[in-house]
Every structure is written in structure tokens, then in C-alpha cells.
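# Overview (structure and organization)
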Amino acid sequence: MIVTRFAPSPTGLLHLGHAYSALLVYGSIKKGGDFLLRIEDIDPGRCRIEYEKAIEEDLNWLGIKWQKPVRRQSEHMHDYASALNRLDNEGLLYPCFCTRKEIIQARSSLAMDVLGPDGPIYPGSCRGLNPELIQKFKNEKKPFAWRLDMQKAVARVGELTFRDLDKGLIVATPEIFGDVVLARKETPTSYHLAVCVDDHIQGINMVIRGQDLFPATHIHRLLQALLGLDTPSYRHHRLLLDESGKKFAKRERSPSLQELRLAGATPKEIFKRVGLG
Ligand code: GLU
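This is a predicted model, so every value here is computed, not measured. (Residues numbered from 1 in each chain as written. Predicted model: local features only at pLDDT ≥ 70, side-chain atom pairs only at ≥ 80, totals over all residues. Heavy atoms only, no water.)

## A closer look at the overall build of the protein chain
Stated precisely, the cut-off is as follows: A run of H or I in DSSP counts as a helix once it spans at least four residues, and a run of E counts as a strand once it spans at least two, with each numbered from the N terminus. In this setup the radius of gyration rests on C-alpha atoms only. A globule is expected at 2.2 Å times the number of residues raised to 0.38. Whether a residue is buried, partly exposed or exposed follows from its accessible area with a 1.4 Å probe, protein chains only, as a fraction of its type maximum: under 20%, in between, or over 50%, in that order. Any pair of residues with heavy atoms lying within 4.5 Å of one another is described as a contacting pair. Accessible surface area values rest on a Shrake-Rupley calculation with a 1.4 Å probe, where residue burial reflects the displayed protein chains alone.
Regarding its fold elements, the protein chain presents ten helices and twelve strands. In terms of overall size, the protein chain behaves like a compact globule, its C-alpha atoms giving a radius of gyration of 20 Å where 277 residues would be expected to give roughly 19 Å. For the protein chain, the proportion of its 277 residues judged to be buried stands at 49%. A separation threshold of at least 6 residues defines the contact pool for the protein chain, and within that pool the share at least 24 residues apart is 78%. Only carbon and sulfur atoms are counted for the fraction: they give 52% of the accessible area of the protein chain, which is about 14,200 Å².

The following block contains the structure:
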């Protein structure tokens with residue numbers, strides 16, 4: 001039986017791209033299965049309860065029904081903290097005290113301009129920092145992030161694969177991201193860590209999400225292996241483009257589902273606009 005989920009972040013109103021994604025996920029259980037809703041609200045500075053309410057209203061309006069209770073990530077920080085702790089106990093993490101400016105400087109002095117799928121790769125300045133210096137920085141209350149020692153992590157698990165329902169069996173290459181941030185001092189998780197922990201806890205065996213998250217799946221496969229979590233099957237759908245050929249985005253002022261709904265659009269019209277009608 002398929003167990004799948006739609007996992008929006010309540011940092012803005014849903015747009016047509018979200019409707020497309022949610023309807024694809026919902027469509028996957030047409031012949032049976034569970035559809036779960038997960039609210040990815042780990043970032044208290046950007047998430048708002050009114051966006052969360054709007055997400056539920058929009059999905060209801062589109063005729064999408066989900067299992068209760070909804071999992072809100074902000075209520076499960078201890079789950080992510082314990083996963084982080086496990087990685088730390090295995091010697092796979094290190095604290096990184098670099099500011100953005102320091103990272104840019106280090107990259108230019110090392111003539112390191114390697115780009116990963118998420119942008120510039122961290123040059124590793126804090127990897128191997130001596131314990132006294134770490135303690136000194138901590139005593140000074142310098143902010144820090146927990147980074148994964150990617151080389152060590154990859155060596156620990158060996159070659160990994162995941163199943164992409166459109167592309168077939170994919171060999172994961174998380175090393176192209178470098179030492180990713182898995183948590184910050186004030187937020188004990190990152191998107192990557194929380195998603196893997198939650199998909200496992202919620203018994204998700206099929207993840208359907210946008211093509212823009214395909215690179216992230218490589219990191220997720222690694223975290224699943226390191227933490228002994230289940231690996232779902234994946235489908236990375238194309239991104240819906242607006243009239244100007246750009247992908248829909250909250251910050252691009254794409255019309256929100258709420259606006260369209262209040263302007264009198266019907267769910268049927270939305271299905272048509274996203275090519276699923
Ligand atoms: N919360 C993510 C987003 O809104 C989606 C995460 C996922 O589907 O894995 O883009």
C-alpha cells in the first residue's frame with residue numbers, strides 16, 4: 001500500500017505549482033493508499049500560522065483529504081535532535097563557526113570555486129578545528145552550524161542507490177554537495193535531516209516532489225543510510241511554469257490559490273490550469 005505525503009512549508013501562500021504537486025501526490029493513492037500532510041515549519045522566523053491555515057483551506061477546496069493528525073515539524077524537534085546526536089556520537093559532525101563572509105574569503109584564497117547543486121561548496125575551514133579552540137568559541141557564544149563531514153560519511157556507508165520511478169535506479173552522489181549544514185545552534189535541524197526522520201517515522205514509502213529537490217534526494221539517501229532509516233521510492237515531477245516560462249514561486253508574486261479562489265475560480269479550473277483536468 002502506498003503511503004505518501006505533501007509537505008509544504010508555511011512561509012507563504014500556495015500557488016499553482018503547489019496545487020500541481022499536491023494533486024499529483026493525491027492522485028497516486030487513487031487506487032488505495034494513505035495521503036499525509038506534513039507542515040515543514042522548522043524556521044520560526046519565516047513560518048506563519050495563517051499560511052498553515054491557508055494551506056489546509058486550499059487543499060480542502062481542491063478536494064484533497066488527508067489523514068489526521070497533521071505532523072508539524074516544530075512539534076518534533078526532539079526527534080531531529082536525537083538523530084543529530086547520533087551522527088555526532090559517530091564522529092560524523094563538526095561545529096562550523098564561519099560567517100558567510102569568512103566562507104567567501106576562504107573560498108577565494110583557496111581559489112576554490114566549485115559549485116554544488118545548492119551553490120558554493122564549503123571549503124572545510126572548520127573541519128579538524130582543535131578542541132580548545134572549539135571550546136573557546138563556544139564559551140564566547142559564537143554562533144555555529146553543525147556540518148556533516150561528507151568524506152567520512154560517504155566512506156562509512158559505501159555506494160548507495162535510490163529508486164526514481166521515472167529515471168530508474170540512481171547511484172547517489174552526495175559528495176558533490178560538500179559538508180552540508182545539518183543543524184544550527186538555535187535550530188536543531190535542517191530541512192534535509194527533518195525530512196528523512198519524518199518520512200521514516202510516518203512510514204512514507206513514496207515521495208513525490210518537484211524536480212528541484214532531485215539533488216537533495218542524494219543527501220537524503222546518505223542520511224537514511226547513516227541513521228538506519230527506511231528509503232522510500234521517489235518521483236521528481238517537472239516544475240510547472242507560468243506564462244513567462246518561469247517556475248512558480250512564492251517570492252515571484254505568482255497568483256496564490258487563495259487569490260484565485262477568492263476571485264471566483266473553481267477547483268475544476270485549477271485542475272485544467274495545471275494540466276490535470
Ligand atoms: N517543504 C518542502 C517545500 O515546501 C518540500 C519538502 C519535500 O517534499 O520533501 O519545498
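## Points about helix 5 (residues 131–139)
Where we set the bar: Nitrogen and oxygen atoms within 3.5 Å of one another constitute a polar contact, given that in protein one can donate a hydrogen and the other can accept it, and given that sequence-neighbouring residues count only through two side-chain atoms.
Structurally, the start of helix 5 carries an N-cap: the backbone nitrogen of Glu-132 is 3.0 Å from a side-chain oxygen of Asn-130. Looking one or two residues past helix 5, Lys-141 carries a phi angle of roughly 60°, positive in sign.

## A word on the nonpolar core
The following threshold applies: We define a nonpolar core as any set of buried Ala, Val, Leu, Ile, Met, Phe, Trp, Tyr and Cys residues linked to one another through side-chain atoms lying within 4.5 Å.
Among the nonpolar cores identified, the biggest contains 40 residues, and Leu-87, Leu-148, Leu-182, Leu-223 and Leu-226 are the most heavily contacted of them. Only helix 3 (77–89), helix 5, strand 7 (145–148), helix 6 (150–157), strand 10 (181–184), helix 7 (191–201) and helix 8 (214–227) provide two or more residues apiece to this core. Filtering out sequence-adjacent residues up to four positions away, Leu-223 remains in contact with Leu-87, Leu-148, Leu-182, His-192, Leu-193 and Cys-196. Within the second largest apolar cluster, 27 residues are counted, among which are Phe-6, Ala-19, Leu-37 and Met-206.

## Re the pattern of salt bridges
Counted only if it meets this: Each salt bridge in this description consists of a side-chain nitrogen of Lys or Arg and a carboxyl oxygen of Asp or Glu lying within 4 Å of one another.
Per the stated rule, a full pass over the model turns up 18 salt bridges. Among the ionic pairs, Arg-5 bridges to Asp-199, the shortest N-O distance being 2.9 Å. Of this pair, Arg-5 sits in strand 1 (residues 3–6) while Asp-199 sits in helix 7, and the two are 194 residues apart along the sequence. Each of the two residues, Arg-5 as well as Asp-199, counts as buried. Between Arg-38 and Asp-198 there is a salt bridge, and its shortest N-O distance comes to 3.6 Å. Linking Arg-38 in strand 2 (residues 34–39) with Asp-198 in helix 7, this pair joins segments that are 160 residues apart in sequence. Residue classification places Asp-198 among the buried residues on the basis of a relative accessible area of 0%.

## Considerations on the side chain of His-237
Assignment of secondary structure puts His-237 in strand 12 (residues 233–237). Overall, His-237 belongs to the buried group, its relative accessible area being 7%. In terms of polar contacts, His-237 uses its side chain to reach the side chain of Ser-21, at 2.8 Å. In contact with His-237, not counting residues within four places along its chain, are Tyr-20, Ser-21, Leu-24, Ile-208, Arg-209, Gly-210 and Gln-211.

## Considering the site of the ligand
Note the cut-off: Whether a residue is near a molecule or strand depends on its heavy atoms: it is near if one of them lies within 4 Å of it. Three classes are used, and their members are as follows: Ala, Val, Leu, Ile, Met, Phe, Trp, Tyr, Cys and Pro are nonpolar, Asp, Glu, Lys and Arg are charged, and the others, Gly among them, are polar.
Inspection of the region around the ligand gives Arg-5, Ala-7, Pro-8, Ser-9, Glu-40, Tyr-191, Arg-209 and Leu-213 as its neighbouring residues. Here Arg-5 contributes a side-chain N or O atom positioned 2.8 Å from an oxygen atom of the ligand. With respect to the ligand, the side chain of Ser-9 contributes an N or O atom lying 3.1 Å from a nitrogen atom. Starting from 300 Å² of accessible surface for the ligand in isolation, the protein chains cover 77%. Among the residues forming the shell around the ligand, the class breakdown is four nonpolar, one polar and three charged.

## Quick look at helix 4 (residues 100–109)
Put simply, the rule reads: In this context, the arc is that of the directions from the helix axis out to the C-beta atoms.
For helix 4, the set of buried residues is Ile-103, Ala-106 and Arg-107. Each buried residue of helix 4 sits inside an arc of 100° when the element is viewed along its axis, so together they form one side. Summarising the geometry of helix 4, the exposed residues directed more than 90 degrees from the buried face are Lys-101, Ile-104, Ser-108 and Ser-109. Elements in contact with the buried residues of helix 4: strand 6 (119–120) and strand 7.

## Some points on the pairing of strand 12
The following threshold applies: Only strands joined by at least two bridges in the DSSP assignment are considered to pair. For crossovers, right-handed means that the path from the first strand over the helix to the second runs clockwise, given strands pointing away from the viewer.
Both strand 11 (residues 206–210) and strand 12 contribute to a ladder of five bridges, which runs parallel. Residue pairing for strand 12: Gly-210 is matched across the bridge by His-237. After leaving strand 11, the chain enters helix 8 and then returns to the sheet as strand 12, a path that is right-handed.

## Quick look at the packing of helix 7 against helix 8
What counts is decided by this rule: Orientation is described by lines fitted to C-alpha atoms, with helices fitted over the stretch in contact, and by angles between N-to-C directions that extend from 0 to 180 degrees. Relative orientations are named as follows: roughly parallel for angles under 35 degrees, roughly antiparallel for angles over 145 degrees, roughly perpendicular for angles from 65 to 115 degrees, and oblique for any other angle. Should the near helix be turned counterclockwise from the far one by less than a right angle, the crossing is left-handed, whereas a clockwise turn marks it as right-handed.
As a packed pair, helix 7 and helix 8 sit with axes 9 Å apart at the nearest point and diverge in direction by 60°. It follows that helix 7 is oblique to helix 8 by the angle criterion. The handedness of the crossing between helix 7 and helix 8 comes out as right-handed. The residues of helix 8 that touch helix 7, namely those facing Tyr-191, His-192, Leu-193, Val-195 and Cys-196, are Ala-216, Ile-219, His-220, Leu-223, Gln-224 and Leu-227. Partitioned by chemical class, the residues of the contact of helix 7 with helix 8 number eight nonpolar, three polar and no charged.

## Structural notes on the packing of aromatic side chains
To describe a pair of aromatic rings, one takes the distance between the centres and the angle between the planes. The test is simple: Whether two aromatic rings pair depends on their centres lying within 6.5 Å, for rings of Phe, Tyr and Trp, where Trp uses its six-membered ring; planes under 30 degrees apart make the pair stacked, over 60 edge-to-face, and the rest tilted.
A complete count under the given rule lists six aromatic pairs for this structure. Centroid distance Tyr-26 to Phe-35: 5.3 Å. Interplanar angle 90°. Geometry classified as edge-to-face. Judged by relative accessible area, which is 25%, Tyr-26 ranks as partly exposed. For the ring pair Phe-162 and Tyr-234, a centre distance of 5.8 Å and an interplane angle of 75° mean the geometry is edge-to-face. Remark: Tyr-234 occurs in strand 12 and Phe-162 occurs in strand 8 (residues 161–164); sequence separation between them is 72 residues. Take Phe-162: its relative accessible area is 1%, and that puts it in the buried class. Residue classification places Tyr-234 among the buried residues on the basis of a relative accessible area of 1%. Put simply, the rings of Phe-97, Phe-137, Phe-144 and Trp-146 pair up and form one aromatic cluster.

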